[in-house]
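A look at the structure
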Amino acid sequence: MTYEFLQQYWWFLVSLLGALLVFLMFVQGANSMIFQLGRTPEERRLVINSTGRKWEFTFTTLVTFGGAFFASFPLFYSTSFGGAYWLWMIILFSFVLQAVSYEFQNKLGNLLGTRTFQVFLVVNGVVGPLLLGGAVATFFTGSNFIIEKGNITDMAQPVISRWANASNGLDALLDIWNLVFGLAVFFLARVLGLFYIINNVNDQPVRERARSYLTGTSVAFVALFVLFLVRTLFGYGYAYNPATGLATIVPMKYLSNAIDMWPLTLVMLAGVGLLLFAIWRTVKDPAFVRGIWPAGIGVVLVVLVLLLFAGWNNTCYYPSNEDLQSSLHIQNSCSSEFTLRTMAYVSLLIPFVLAYIFYAWRAIDSRPIDRQEIAEGEAY
């Protein structure tokens, strides 16, 4: 395993975690529609208890995604999570709000009322996907930061990365393309959330409402995603010379990546096909309730390939709009060879972790949730 291979390998693992995180945001998507899917308190509890079975998976994956970035590409972690901290703090606060809402909405002594905590779940369902999508979009649109590695010798202030303005990440929301991608992720989370509710809630009125929202939500997602994808493929991208590390702006860089890495492009097209199939089959066949699985696999494949396009093939995965040469790529932002190699051995345990997650998922979903379970079982 060469140092270059380890860099590519760890970008693949980080990208895979990011893709799994986007899939698991069906929890946020369904929660954003609590009051649309549930017209009565009992129906809302069906939705909340369905997503309540899985919210820990999403939260854990988010933390693991951040931890993997910290271990393998620490300069990105210190630059983005440290510099754009207002953006990330709002995201993390919304997830903490989610955890509190699940646990306390029906506890004795709840002074805020059940509906207040349900509104908090809706807030997380909107804010989480929207801002996470906006943050990921900066992999393609860039951010305002400066890297000065020479500062490491400054004993008074050895800070090598800093944000170029006082917004500390909130300026990402001023870029229209970041908002377009953020909205695309938001509507994608809703699409996945609808698929999940149709599959996991054994209640005809709730399932019928979920199906009724699926078409419009899917159209909104597809339109926004295609708009962002076309702009990204045919716009400017950011490349670097692996010999010198010099960053340059290249017309249609991501289209070149799609052509150069054509097997990945085929994987992305397969993922798109699986998602469109799930939408079509679920809309056309009232008896089909397993759309979450082809859609979920398709989303993981598409997001994985997009993130690989952002980092592989000599591409700057975190461009700097303030100073082009401060742009981050997998060569200038990764950990040492020893660290990457050691973690590579640890990563061999990942299949066992995935097997446990699969086992736990099946055990939790041994049967779809229904009104009887809400009435007799331990429910949120």
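Right above here is the structure, for reference.
Report follows, based on the coordinates. Note that this is a predicted model, so its numbers are computed, not measured.

At a closest axis distance of 9 Å, the pairing of helix α1 (residues 3-24) and helix α5 (residues 55-72) adopts a crossing angle of 160°. In terms of orientation, α1 and α5 fall into the roughly antiparallel class. In the packing of α1 onto α5, the handedness of the crossing is left-handed. Residue-level contacts link W10, W11, V14, L17, G18, L20, L21 and L24 of α1 to F57, T58, T61, L62, T64, F65, A68, F69 and S72 of α5.

On to the side chain of N200, then. The topology assignment puts N200 in helix α9 (residues 176-200). Since its relative accessible area comes to 2%, N200 is described here as buried. With residues near it in sequence (within four places) discarded, N200 still touches S50, R53, D365, P368 and I369.

On to the pairing of strand β4 (residues 247-251), then. With 5 bridges joining them, strand β3 (residues 236-240) and β4 adopt antiparallel strand pairing. Bridge pairing in β4 links Y240 to A247. Between β3 and β4, which follow one another and run antiparallel, lie 6 residues, and G245 among them has a positive phi close to 80°.

On to unusual backbone geometry. Of note, N168 is a non-glycine position whose phi angle comes to about 50°, a positive value. With respect to the element layout, N168 can be found in the loop between β2 (161-163) and α9. Its identity is not glycine, yet M252 carries a phi of approximately 55°, on the positive side. By the element assignment, M252 lies in the loop between β4 and α11 (253-260).

Counting across every chain of the model gives 39 aromatic pairs. Ring centres of F73 and Y317 lie 6.0 Å apart, and the angle between their planes is 65°; on these two criteria the pair is classed as edge-to-face. Of this pair, F73 sits in the loop between α5 and α6 (74-83) while Y317 sits in the loop between α13 (292-311) and α14 (337-346); the two residues are 244 residues apart in sequence, bridging distant segments of the chain. Look at F73 and you get buried, because its relative accessible area is 0%. For Y317, a relative accessible area of 0% corresponds to the buried category. Considering the side-chain rings of Y85 and W86, the 5.7 Å spacing of their centres and the 40° angle between planes classify their relative orientation as tilted. With relative accessibility at 45%, the residue W86 sits in the partly exposed group. The side chain of K54 reaches across the aromatic face of W361, ending 4.7 Å from its centre.

If you look at the biggest cluster of nonpolar residues, it comprises 111 residues, and the most contacted ones within it are W11, F69, F73, F76, F139, F195 and Y317. Excluding its chain neighbours within four sequence positions, the residues that come into contact with F139 are W11, F69, F76, Y254, L307, A310, C316, Y317, Y318 and P319.

Structurally, the position occupied by G193 is in helix α9. Linking G193 and V47, residues 146 residues apart in sequence, is a C-alpha distance of 9.9 Å. In this view, G193 contacts F26, G29 and A30; residues no more than four positions away in its chain are not counted.

The next thing to look at is the side chain of N168. According to the relative accessible area criterion, N168 is buried, its value standing at 14%. A distance of 3.1 Å separates the side chain of N168 from the backbone oxygen of G83, its partner in a polar contact. For N168, the contacting residues outside a window of four places in its chain are G83, A84, Y85, W86, L87 and W163.

Criteria and thresholds
Residues numbered from 1 in each chain as written. Predicted model: local features only at pLDDT ≥ 70, side-chain atom pairs only at ≥ 80, totals over all residues. Heavy atoms only, no water. Axes fitted to C-alpha atoms, helices over the stretch in contact; angles between N-to-C directions. Helix = DSSP H or I, 4+ residues; strand = E, 2+ residues; numbered from the N terminus. Parallel < 35°, antiparallel > 145°, perpendicular 65-115°, else oblique. Left-handed = near helix turned anticlockwise from the far one by under 90°. Contact = heavy atoms within 4.5 Å. Buried < 20%, exposed > 50% of the residue type's maximum accessible area, 1.4 Å probe, protein only. Pairing = 2+ DSSP bridges. Phe/Tyr/Trp six-rings, centres within 6.5 Å; stacked < 30°, edge-to-face > 60°. Lys NZ or Arg CZ within 6 Å of the ring centre and 35° of its normal. Core = buried A, V, L, I, M, F, W, Y, C linked by side-chain atoms within 4.5 Å. Polar contact = N/O pair within 3.5 Å; in protein donor to acceptor, adjacent residues only side chain to side chain.

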